[in-house]
Amino acid sequence: MSGLLALLDDVAGIAKVAAASVDDVISQAAKAGAKAAGAVIDDAAVTPKYVQGFQPARELPIVWRIARGSIKNKLLFLLPIGLLLANFAPWVITPLLMLGGAYLCFEGAEKVYHLFVPHHHDVDEPADLVKDPAHLEEQKVQGAIKTDFILSAEIMTIALAEIPDSNIWMEGATLAAVAIGITVAVYGSVALIVKADDLGLLMSSKGRLGLTRALGRGIVKAMPGFLKGLMIVGTAAMLWVGGSIVLHGADVLGLSWPYDTIHHIAEDAAHAVSTAQGFVKWAVTATLDGIFGLALGLLLIPVATKVLVPAWSALRGGKARAKH
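Predicted, not measured: the structure shown is a model, and the values here were computed from it.

J.: Just give me the short version of the overall build of the protein chain, but keep the residues and values in it.
T.: Across its full length, the protein chain carries 10 helices and 0 strands. Shown N-terminal to C-terminal, the secondary structure of the protein chain runs as helices and strands in the order α-α-α-α-α-α-α-α-α-α. Going through the 324 residues of the protein chain one by one, you find that 34% of them count as buried. Sequence separation of 24 or more characterises 77% of the internal contacts of the protein chain that already satisfy a separation of 6 or more. When the accessible area of the protein chain is evaluated, it comes to approximately 19300 Å², of which 69% is carbon and sulfur surface.

Have a look at this one:
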């Protein structure tokens with residue numbers, strides 16, 4: 001009897017440890033995921049454009065296909081690579097974070113730039129291919145998954161940098177929780193967004209109550225403005241988070257004066273008010289980080305368009321010629 005009680009006590013102890021480990025994973029995943037807010041918001045803001053122009057019946061299947069590609073990106077490719085870097089080449093994490101932050105700054109600045117300098121994309125596909133819905137859907141899905149890979153790499157790298165030192169299994173479990181949680185949150189939100197107008201139309205035409213029909217019409221009218229607002233928030237988040245990542249990385253690598261200058265300005269602003277000092281400090285820091293991110297992104301636009309894109313196009317052209 002005493003042996004059975006001892007066994008049950010051991011089982012209870014193991015269960016407590018397991019429960020504590022699960023709590024730690026969830027807690028660390030929540031904190032790490034919060035740090036990736038800019039990339040997450042951008043992911044949610046960018047994805048709805050990939051279902052525009054398709055029949056309503058194809059919208060959710062397309063979102064589902066992109067979501068599956070996203071979880072594959074995170075779990076099969078980015079998670080193992082991240083764990084290997086964290087455990088065998090941790091010095092690479094900060095430069096990679098800065099590279100991802102610079103990309104966020106570039107993306108955000110490009111969106112701001114195109115508000116003032118509109119541009120048009122030329123369609124390179126033959127007309128018969130563009131008119132083929134199946135081909136167009138496949139093209140859109142693959143493009144979305146490639147874009148998601150970049151954003152997911154940023155999310156996973158940011159999350160990895162925020163995980164406290166622990167064993168590789170805890171890091172892997174935390175990253176997996178971040179990957180699954182963020183994918184569900186992003187693409188669940190995207191699914192709701194792309195079907196909101198359909199729901200509004202249904203409510204406005206089939207609603208039994210006048211209030212229901214009025215609410216449906218309100219949803220339909222509000223969606224274009226909501227999508228535009230989401231894009232603005234996503235752009236601001238990209239600039240803020242991207243600028244913050246680059247500044248913090250520079251501080252870690254020894255170039256501390258930009259980070260310290262912003263920190264001191266935010267501290268002075270907070271001390272200048274009597275209430276909400278924490279919010280003022282955060283707001284000033286985020287604003288200055290965003291301004292820095294915008295400036296860096298604007299500097300990167302000509303580098304990308306005049307150097308990187310032509311070099312990549314020439315490389316692809318050379319490979320195509322070699323293949324033929």
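So, next bit.
J.: Could you give an account of a nonpolar patch on the surface, naming the residues involved and the relevant values?
T.: Together, L76, F77, I81, F149 and I150 line one region of the surface with nonpolar side chains, adding up to about 450 Å² of accessible area. At 3 residues, helix α3 (residues 56-88) tops the list of elements feeding residues into the nonpolar patch. Among the structural elements, F77 can be located in helix α3.

J.: I'd like a rundown of the nonpolar core, residues and numbers included.
T.: Counting residues in each nonpolar core, the largest one holds 34 residues, and the members touching the most others are I62, V63, I66, M156, L175, Y187 and I245. The leading source of residues in this core is helix α7 (residues 168-206), at 9 residues. Apart from residues lying up to four places away in sequence, L175 is in contact with L79, L83, M156, A159, L160 and I163. Within the second largest apolar cluster, 5 residues are counted, among which are M98, C105, V246 and A250.

J.: Can you break down the side chain of E171 residue by residue, with the values?
T.: The residue E171 is located in helix α7 in this model. A polar atom in the side chain of E171 sits 3.2 Å from the side chain of N87. Ignoring any residue separated from it by four or fewer positions in sequence, one finds E171 in contact with L83, A86, N87, I163 and S166.

J.: So what's going on with the pattern of salt bridges? Residues and values would help.
T.: Counting across every chain of the model gives 6 salt bridges. For R58, the salt bridge identified is with E137, shortest N-O distance 2.6 Å. Note that R58 is positioned in helix α3 and E137 in helix α6 (residues 133-162), a separation of 79 residues in sequence. According to the relative accessible area criterion, R58 is partly exposed, its value standing at 34%.

J.: Just give me the short version of helix α9 (residues 257-271), but keep the residues and values in it.
T.: For α9, with 15 residues, the first-to-last C-alpha span of 21 Å sits near the 21 Å given by 1.5 Å per residue. Among the residues making up α9, those that are buried are P258, I262, A266 and A270. For α9, the angular spread of buried residues about the axis comes to 105°, placing them on one side. Turned more than 90 degrees away from the buried face of α9 sit W257, D268 and H271, all of them exposed.

J.: Which residues make up the environment of A269, and what values do they have?
T.: Mapped onto the elements of the fold, A269 is located in helix α9. Classification of A269 as partly exposed rests on a relative accessible area of 23%. Taking C-alpha positions, A269 is 9.8 Å from T285, a pair spaced 16 residues apart along the chain. If sequence neighbours within four positions are ignored, A269 has contacts with V280 and V284.

J.: Can you explain the confidence of the model for the protein chain? Please cite residues and give values.
T.: Chain-level pLDDT for the protein chain is 78 on average; 78% of the residues reach the 70-or-more range. Contacts of residues 2-26 to residues separated by more than four positions or lying in other chains number 6 contacts, the stretch itself having pLDDT below 50. Here residues 121-130 scores under 50 on pLDDT; set against residues more than four positions off or in separate chains, the count is 6 contacts.

J.: Account for the packing of aromatic side chains, with residues named and values stated.
T.: For the coordinates displayed, the defined rule picks out 3 aromatic pairs. Centroid distance Y103 to F106: 6.5 Å. Interplanar angle 45°. Geometry classified as tilted. Of the two residues, Y103 and F106 both sit in helix α4 (residues 93-116), 3 residues apart, roughly one turn of that helix. Y103 sits in the partly exposed class, given a relative accessible area of 26%. With relative accessibility at 14%, the residue F106 sits in the buried group. For the pair F279 and W282, a centre-to-centre distance of 6.0 Å together with 35° between the ring planes defines the contact as tilted. A residue pair is termed a helical-turn pair when its members lie 3 or 4 positions apart in one helix, as F279 and W282 do in helix α10 (residues 277-323) at 3 residues. Residue F279 is classed as exposed on the basis of its relative accessible area of 54%. Ring pairing ties together the aromatic residues W240, F279 and W282, which thus form one cluster.

J.: Run through the side chain of E59, naming residues and quoting values.
T.: If you trace the backbone, E59 turns up in helix α3. Only 3.3 Å separates the side chain of E59 from the side chain of K195, close enough to count as a polar contact.

Reading the values: rules and limits
- Residue indices begin from 1 for each chain and proceed along its sequence in written order.
- Side-chain atom pairs in this predicted model are given and counted only at pLDDT of 80 or more, local residue features only at pLDDT of at least 70, and totals for whole chains, interfaces and linings cover all residues.
- Only hydrogens and water are removed before side-chain values are computed, so all heavy atoms of the structure are retained for them.
- Numbering of helices and strands starts at the N terminus; helices are DSSP runs of H or I of at least 4 residues and strands are runs of E of at least 2.
- Throughout this description, buried means an accessible area under 20% of the type-specific maximum (1.4 Å probe, protein chains only), exposed means over 50%, and partly exposed covers the range between.
- Residues count as neighbours in contact if any of their non-hydrogen atoms are within 4.5 Å of one another.
- The protein chains shown are the only cover counted for residues, whose accessible areas, like all others here, come from Shrake-Rupley with a 1.4 Å probe.
- Here a patch means residues that are over 30% exposed by relative accessible area and free of salt bridges, tied together within 9 Å if like-charged and within 5 Å if nonpolar (Val, Leu, Ile, Met, Phe, Trp, Tyr).
- Every case where a carboxyl oxygen of Asp or Glu lies within 4 Å of a side-chain nitrogen of Lys or Arg is listed as a salt bridge.
- The nonpolar core is taken to be a set of buried Ala, Val, Leu, Ile, Met, Phe, Trp, Tyr and Cys residues, with the residues joined through side-chain atoms within 4.5 Å.
- In protein, a polar contact means a hydrogen-donor-capable atom and an acceptor-capable atom, both N or O and within 3.5 Å, with residues adjacent in sequence counting only if both atoms are side-chain atoms; elsewhere, any N or O pair within 3.5 Å suffices.
- The span one expects for a helix is its residue count, reduced by one, times 1.5 Å.
- Of all possible arcs, the one meant is that of the directions from the helix axis to the C-beta atoms.
- Each residue carries a pLDDT score, the predictor's own confidence in it, on a scale running from 0 to 100.
- Note on aromatic contacts: the rings of Phe and Tyr and the six-membered ring of Trp form a pair at centre separations within 6.5 Å, being stacked when their planes are under 30 degrees apart, edge-to-face when over 60 apart, and tilted otherwise.

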